[in-house]
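# Notes for the structure review
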There are 2 protein chains.
Amino acid sequence: MYSHVAAALLESLQMKTFSQVRLVGGGIALVLALKGAAVSGQDPLPRVAPSPTGNPQTPAKIELGKTLYFDPRLSADGTVSCNSCHNVMGAGDDGRSFSSGLRGQRGGRSAPTVFNAAFLSVQFWDGRAPSLEEQAKGPLINPVEMGNKDHAQVIARLKQIPGYVAAFSRAFPNSEDPVTIDRLAQAIAVYERTLITPDSSFDHFLRGNRRAISAQAEAGWKRVQAVGCTSCHGGVAFAGPALPEGTGFYQRFPAYPGTEYERKYELSKDTGRMDATKNPADKGFWRVASWRNVALTAPYFHNGSVATLDEAVRVMAKTQLNKDLPEAEVAEIVAFLETLSASPARTQMPILPPNPGRAVVDVR
Amino acid sequence: MYSHVAAALLESLQMKTFSQVRLVGGGIALVLALKGAAVSGQDPLPRVAPSPTGNPQTPAKIELGKTLYFDPRLSADGTVSCNSCHNVMGAGDDGRSFSSGLRGQRGGRSAPTVFNAAFLSVQFWDGRAPSLEEQAKGPLINPVEMGNKDHAQVIARLKQIPGYVAAFSRAFPNSEDPVTIDRLAQAIAVYERTLITPDSSFDHFLRGNRRAISAQAEAGWKRVQAVGCTSCHGGVAFAGPALPEGTGFYQRFPAYPGTEYERKYELSKDTGRMDATKNPADKGFWRVASWRNVALTAPYFHNGSVATLDEAVRVMAKTQLNKDLPEAEVAEIVAFLETLSASPARTQMPILPPNPGRAVVDVR
């Protein structure tokens, strides 16, 4: 396991900067101290997301997953869908510091964008879900998100809706009892693997159109490598190296403690990955966030405490690299990050199957 | 005014049943006592909704209206869009007794479906908005719905979003200052006039396909006329006669007070139209609700107190006509009402214009 992960890491990163990197996969944790760095070569975002064996993409599953994704009946009181916090008509997030779950309850972390989550090897800010499939199950039974008492409650409701029983049967043929929580999660994950944005200006630039981005943005691209940002924000999603699904790429944030930013934005109030593992060694570690669409997903950081992208760049340079960037360099980096914005292909709205003649959400 | 309204009423209804009817238009109220009834002839839902002079349908306006309709940034905290309570992927409503506004606040009445609202001559349960345009402005500044302190707050936020400024300019060319609350309302109303369902089974039946509905449903259609339901639920939307925009068709509900249903479902707790007019004569009066898609919009009535359609039929027969219907007749009527279900044409999801690099909803 060690050699497998280390090889994947080194191959992808070709690291040169000193950095404390924590990798966790399948219960095995390891810490590597690495030296030196500069990303040599950068691949554009693939036009197809990686897909795990056992859950291939099919049109029937994508359509079912999209329908479920938009259906507020997946929440206990019928008010919250996946799309409520991860709005695919916007930037795949909700534009808020903390999300609003059922009965207006506030979540504890800022909703990450669903766009390109398919390229992350673990999910949630603390990496506690090893796959999109596992991630999809979490909010359903989180009391401040969708608030079901258990997954059985969700499935029992879906079974009352004839259109869902039919849609699960189409998506998972040859199943005697097609409506299950695992299949619900598989369908949603399959839909999420279509929510990718490989047509950003920067991807066009990487594919050979040198005029797809401005001179300032190109200077910003060089700057993020020279300054050291890309030693963590590498890979096609700028979220770290390509690692096997379930193996996370974590960093301490803030890496340099005691800054004014840390105090002002309360960056250390949340213990990060330690909250998931209960291991004190994980305190302050976080999954490295993707830069994809970062210009569209203000406010920033796990607590959504920073309202603007330029300030987020200053915070990261100071807390992670102990650098006070000149404003011209901040502007270059912002110009570069803006080239990573794009929307997924437009698709039709789903039609949520009705519950004819009978309310399925508790009446009053 | 009297003769105009009365003529429209009589022409549309060809009334024969005794009924207390209250019409209110342009501040003038009148009460007509009418006798006898049976709807002769029934037109299918037109394929195009009526459109007021001064706000014609255009593709740019429809697209802008759809985008605004889905944008939660129209609410103070970025959590509630028009679609949150009037979900056009579902039946145009939210399937709940009372809607959930920002910070989980509960509204006081059940959200009516937006589908075919374009065929109603007044909006809201109490008819307090004379048009779709006026309706659209209400929830924006309702403290338990979208919670903006005034319309200026909404417009100031939209002006921070470059894509909206451009979209308003396209939708309202030749305007020096295109982003205004009236144009926002016009765009949303134009979009809502596309949310019509003229392809229900019953419309196909009315257009000549006699096999489009079952024998039981056809018996139900005869039953609702014979029992007297259609003396109020007439017109193409089964919500009353065609009246000029702004002129409402109201009925007392319950018409026969003191039933067990009234007590059980608290039908008289809300004073209805009196709440809007402050006129005691309007106590217990309500806009006659449409039957279009009624089978898809449980739970029922202004307070969403009745979970099933068959029970809603029993309640209406008893409270409005003082009749205890045999179960076979209830089943016929339900079968007929189910033939009024349909979805609007599927369309693409809008793309909500981004607010690049800066949060527009208050951070934390």
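Everything numeric here is computed off the predicted structure, so don't read it as measured data. Each chain carries its own residue numbering, running from 1 in the written order of its sequence. Labels follow written order: the first chain is A, the first ligand is 1, and so on. Totals for whole chains, interfaces and linings use all residues, but because this is a predicted model, local features are given only for residues with pLDDT of at least 70 and pairs of side-chain atoms are given and counted only at 80 or more.

Bringing the overall build of chain A into the picture now. Segments assigned H or I by DSSP are reported as helices when at least four residues long, segments assigned E as strands when at least two residues long, and all are numbered from the N terminus. Each helix and strand in chain A was counted, giving 13 helices and four strands. For every residue, the other C-beta atoms within 10 Å of its own C-beta are counted; 20 or more classify it as buried, 12 or fewer as exposed, and values in between as partly exposed. C-beta atoms are placed from the backbone. The 364 residues of chain A split such that 54% are buried.

Looking down a regular strand, the side chains alternate between one sheet face and the other. Residue and element names in this part refer to chain A. Most of strand β3 (residues 247-252) sits inside the fold, with six of its six residues counted as buried. Whether two strands pair comes down to DSSP finding at least two bridges between them. Across three bridges, β3 lies against strand β4 (residues 285-287) in antiparallel orientation. Looking at the pairing, R252 lines up with F285 of β4.

Here the focus is the relation of the copies chain A and chain B. Aligned on chain B, chain A shows an RMSD of 0.0 Å; the corresponding rotation is 180° and the shift along the axis is 0.0 Å. Such a turn and shift between the copies fits a two-fold axis. Placing C-beta atoms from the backbone, we regard two residues as in contact once those atoms come within 7 Å. Looking at chain A, 100% of its interface residues are interface residues in chain B too, so the copies touch through the same face. What sets the superposition is a least-squares fit of C-alpha atoms, and only residues with pLDDT of at least 70 in both copies go into it.

Right, let's get into the environment of R157 of chain A. Locating R157 of chain A in the fold gives a position in helix α5 (residues 151-159). Between the C-alpha atom of R157 of chain A and that of E218 of chain A, which follows or precedes it by 61 residues, the distance is 52 Å.

This part takes up the interface of chain A and chain B. Across the contact, 44 residues belong to chain A and 44 residues belong to chain B. For the side of chain A that touches chain B, the elements supplying multiple residues, two or more each, are α12 (309-321) and α13 (327-338) of chain A. Three residue categories are used. Nonpolar comprises Ala, Val, Leu, Ile, Met, Phe, Trp, Tyr, Cys and Pro, charged comprises Asp, Glu, Lys and Arg, and polar comprises the others, including Gly. Its residues assigned to classes, the side of chain A that touches chain B comprises 20 nonpolar, 15 polar and nine charged.

All names here are of chain B. Each axis is a line fitted through C-alpha atoms, and for a helix only the stretch in contact is used; angles between axes span 0 to 180 degrees, taken between their N-to-C directions. Here helix α2 (residues 59-69) crosses helix α6 (residues 162-171) at 145°, and the two axes come no closer than 8 Å. Considering the relative orientation of α2 and α6, their crossing is left-handed. Seen from α2, the contacting residues are A60, K61, L64 and T67; seen from α6, they are A167, F168, R170 and A171. Definitions for this section: a left-handed crossing has its near helix turned counterclockwise from the far helix by less than a right angle. A right-handed crossing has that turn clockwise.

Residues and elements named next belong to chain A. Confidence of the predictor in every single residue is expressed as pLDDT, which spans 0 to 100. Here chain A shows a mean pLDDT of 90. Residues at 70 or above account for 89%. Of the regions scoring below 50 in pLDDT, residues 1-21 engages in 49 contacts with residues more than four places distant in sequence or in other chains. Across residues 24-40, confidence stays below pLDDT 50; counting only partners more than four residues off in sequence or on other chains, it has 43 contacts. Of the two predicted TM-score estimates for the complex, the pTM is 0.90 and the ipTM is 0.89.

Before going further, it helps to examine the domain arrangement of chain A. Residues and elements named next belong to chain A. By domain assignment, chain A separates into domain 1 (2-46 + 198-338) and domain 2 (59-192). Every contact between the two is made by 31 residues of domain 1 and, on the other side, 21 residues of domain 2. Among the secondary structure elements, those contributing two or more residues to the side of domain 1 that touches domain 2 are β3, α11 (273-277) and β4. No other element matches the four residues that β3 contributes to the side of domain 1 that touches domain 2. Split by residue class, the side of domain 1 that touches domain 2 holds 14 nonpolar, eleven polar and six charged. A domain assignment, automatic or from a database, supplies the domain bounds used here.

On to unusual backbone geometry. P299 of chain A follows A298 of chain A through a cis peptide bond whose omega is -5°. You can see P299 of chain A is positioned in the loop between β4 and α12. F253 of chain B connects to P254 of chain B through a cis peptide bond whose omega is -5°. Positionally, P254 of chain B belongs in the loop between β3 (247-252) and α10 (260-264).

Once that is clear, we can look at the nonpolar core. Generally speaking, nonpolar side chains in soluble globular proteins are found buried as a group. A set of buried residues drawn from Ala, Val, Leu, Ile, Met, Phe, Trp, Tyr and Cys, joined through C-beta atoms within 7 Å, is what defines a nonpolar core. Grouped together as the largest cluster of nonpolar side chains are 184 residues, with contacts concentrated most on I188 and L337 of chain A together with I188 and L337 of chain B. Domain assignment of the residues forming this core places at least three in each of domain 1 (2-46 + 198-338) and domain 2 (59-192) of chain A. Discounting chain neighbours no more than four positions away, the residues touching I188 of chain A are G65, L68, Y69, C82 and A136 of chain A.

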